[in-house]
Amino acid sequence: MNVKSSEVTPKEVYLSRRRFVLQAGLLFGSLAVTGTAYRWFFEPESKPAPRGTPLNFIRTKPQLMADEHLTSYEKVTGYNNFYEFSTYKQAVAKRARQMKVRPWTVVVGGLVARPKIFDIDEIIRLAPLEERIYRMRCVEGWSMVIPWIGFPLKALLDKVEPLSTARYVEFESLYDPEVMPNQRQGLWGSLLNWPYREGLRLDEAMHPLTILAVGLYGEMLLPQNGAPLRVVVPWKYGFKSAKSIVKITLRSDRPQTTWNLAQPREYGFYANVNPAVSHPRWSQQTERRIGEFWRRPTLLFNGYAEQVAHLYSGMDLKTNF
Amino acid sequence: MSRAYLQLLVLANGLLPALLLAFDALRHKLGVNPVEYFIRTTGVLSMVLLILTLAVTPVRQLSGLSQLIHVRRTLGLLSFFYALLHFLGYFCLEHRCSISSLMSDLANRHFVVIGMASFIVLLLLAITSTKAMVRCLGGRRWRQVHSQIYGSSVAALLHYWLAVKVDTDLPQVCLVLLVLLLGYRLLSRNTARSAVTVLKLR
């Protein structure tokens, strides 16, 4: 070994280089950790959902205003309020993937002449499937336009023949803590009162706009959108349209509904879309249509006033919110 | 580790989420509801940095890592930076920079007022965070002004809590941390006081 003394790195230089390498390493290492933590925690992107099974249905012309367009399939299936799975709308699709929707039965009973347990495939064949392009307005202030596939709820209710004493319809969603993580008891109890329950007045349920949906965009519903069967009530805030229904009960008294039980001051039984009636914590005057940048004005009864306003004539919509 | 290096470390890590946010926005990768994503994310980041700012003193005193004091202002300013983005997102994207629209929201919504109050305090603290300001106000008065961060943090948490529907998991975590950090200060102040009393009695 022949090393000249001039080639030996002086001790101070060696130490400062060592410090430099350490400090640079710590800086870039910490940045990698911070960046990963940020992406993991806030999850800006959702993974595209797999496609559903195609359905046969009758196509219809959309009844929308000139400036309204369908919300893309990716957005409809990637941004969902389904609290049983997650309160984070972009995480629902992934978490709901393992949900089994066959076999599936729906118990229809209560104040009816012919109570019956329907198999889901029987329900799908119960009436001709139509495409219904509806606005969907969430109580949180965002909205979509969704091409549902389904048929009027009335068709199913007529099959079981409601008694004259029946005045309300109650919907009960699936209770299965094995696949629905938020139905398990947390440290502080449950997020909401499970199973999820919603309800309508019988005349609202029989209204031709109220449908049972089994699909969207021409395909069977995916779990995140409420597979295999959900109700869609387009003039009410989204939470009224119960998903993954297992039980439909006709009653004489008004059903206790999940969000109303959780926060009665904030979520009423009627929950009709109404820009003039604020949520106690935010205004309902405008909404962000998913896919659009600026907010647009919210319409009374979500734009279906002509068809449904008569259901509430003489009612004070401020107290019956 | 030198003071400059520590500050660089904190600043770089603190600004990284903003850079990623900007990068994702330019690629249109902020998800399905980008405006909501931007407002929510900047709000949570501001809250996290506020908690980190408040953690500096207890951690420094308990661990003896006295150098940590050099990053307290950096963390506080980062928290203000994200609060500013949060406010601008809300004001410009939700209200289209319309003062009258903002005012009507303030008149009707408590949680917006509370958030705004917290933000204004952070703004004042950011303005008075320079060395010149410390000199101008005098150490004692400056500390008095800057102890308003405690009130601001409580308001920020309340604002966060009221903004979510029923899923208060994250606000609950923030509450536990804030109780610990503010409780530590109450306890250490009381111990300091009783120490003074002991001295006086002697």
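What you are looking at is a predicted structure, and each value in this text was computed from that prediction instead of being measured. (Residues numbered from 1 in each chain as written. Chains lettered and ligands numbered in written order. Predicted model: local features only at pLDDT ≥ 70, side-chain atom pairs only at ≥ 80, totals over all residues. Heavy atoms only, no water.)

What is the right way to look at the interface of chain B and chain A in this model?
Many authors give the size of an interface as the accessible area that is lost as the parts come together. Tallying the contact residues gives 40 residues for chain B and 43 residues for chain A. Together, the buried faces of chain B and chain A total about 3600 Å²; carbon and sulfur atoms form 60% of this surface. Looking only at chain B, the three residues that lose the most surface to chain A are Val32, Lys165 and Val166 of chain B, adding up to 22% of its buried area. For the pair chain B and chain A, the interface holds three salt bridges. With a shortest N-O distance of 2.7 Å, Glu94 of chain B and Arg288 of chain A are connected by a salt bridge. The interface formed by chain B and chain A includes 14 residue pairs in polar contact (both at pLDDT 80 or more). Secondary-structure elements contributing two or more residues to the side of chain B that touches chain A are helix 1 (3-26), helix 2 (34-63), helix 3 (72-94), helix 8 (148-163) and helix 9 (169-201) of chain B. (Contact = heavy atoms within 4.5 Å. Buried area = accessible area lost by both parts, 1.4 Å probe. Salt bridge = Lys/Arg side-chain N within 4 Å of Asp/Glu carboxyl O. Polar contact = N/O pair within 3.5 Å; in protein donor to acceptor, adjacent residues only side chain to side chain. Helix = DSSP H or I, 4+ residues; strand = E, 2+ residues; numbered from the N terminus.)

I'm lost on the sheet that holds strand 1 (residues 105-110) of chain A in this one. Help?
Residues and elements named next belong to chain A. If you walk across this open sheet you meet the five strands as 2-1-10-5-6, and the pairing is mixed. Every interior strand has two partners, whereas the edge strands, strand 2 (116-119) and strand 6 (197-201), have only one. Across the sheet, the axes of successive neighbouring strands diverge by a mean angle of 20 degrees, strand direction being ignored. In this structure, strand 5 (residues 168-173) lies alongside strand 6, joined through five bridges in antiparallel fashion. Across the sheet, residue Glu172 finds its bridge partner in strand 6, namely Arg197. (Pairing = 2+ DSSP bridges. Axes fitted to C-alpha atoms, helices over the stretch in contact; angles between N-to-C directions.)

How do you make sense of the side chain of Ser86 of chain A when you look at a structure like this?
Residue and element names in this part refer to chain A. Within the secondary structure, Ser86 is located in the loop between helix 2 (73-76) and helix 3 (92-95). Taking relative accessible area as the criterion, Ser86 reaches 4% and is therefore assigned buried. For Ser86, the contacting residues outside a window of four places in its chain are Ala91, Val92, Arg95 and Asn182. (Buried < 20%, exposed > 50% of the residue type's maximum accessible area, 1.4 Å probe, protein only.)

So what exactly am I meant to see when it comes to the side chain of Glu84 of chain A here?
Residues and elements named next belong to chain A. Examined against the element boundaries, Glu84 turns out to sit in the loop between helix 2 and helix 3. At 6.5 Å, Lys243 is the nearest oppositely charged side chain to Glu84, a buried residue that forms no salt bridge. Residues within four places of Glu84 in sequence aside, it is in contact with Ser173, Met180, Pro181, Asn182, Gln183, Trp194 and Tyr196. (Lys, Arg positive; Asp, Glu negative; His and termini not counted.)

Quick question: what am I supposed to make of the nonpolar core here?
Generally speaking, nonpolar side chains in soluble globular proteins are found buried as a group. Grouped together as the largest cluster of nonpolar side chains are 85 residues, with contacts concentrated most on Trp148, Leu156, Phe171, Trp235 and Ile248 of chain A. Looking at this core, the element that brings in the most residues is strand 4 (residues 142-152) of chain A, giving six residues. Sequence-distant contacts of Trp148 of chain A, defined by excluding residues within four places in its chain, comprise Glu130, Glu131, Arg132, Tyr134, Ile211, Ala213, Gly215, Leu216, Leu221, Arg230 and Val232 of chain A. By size, the runner-up hydrophobic cluster in this structure holds 57 residues, among which are Tyr88 of chain A together with Leu6, Leu9 and Leu49 of chain B. (Core = buried A, V, L, I, M, F, W, Y, C linked by side-chain atoms within 4.5 Å.)

What's the story with the pattern of salt bridges in this structure? I'm lost.
Pairing between side chains of opposite charge can happen when their charged atoms approach one another. Residue and element names in this part refer to chain A. Counting across every chain of the model gives 28 salt bridges over all chains. One salt bridge connects Glu219 with Arg51, and the closest N-O pair in it is separated by 3.0 Å. Taken together, the residues Glu219 in strand 8 (residues 219-220) and Arg51 in the loop between helix 1 (11-42) and helix 2 connect sequence positions 168 residues apart. What makes Glu219 buried here is its relative accessible area of 10%. Notably, a salt bridge pairs Arg135 with Glu68, separated by 2.8 Å at the nearest N-O pair. Residue Arg135 is found in strand 3 (residues 130-137), and its partner Glu68 is found in the loop between helix 1 and helix 2; the two are separated by 67 residues along the sequence. The two residues Arg135 and Glu68 agree in class, both being buried.

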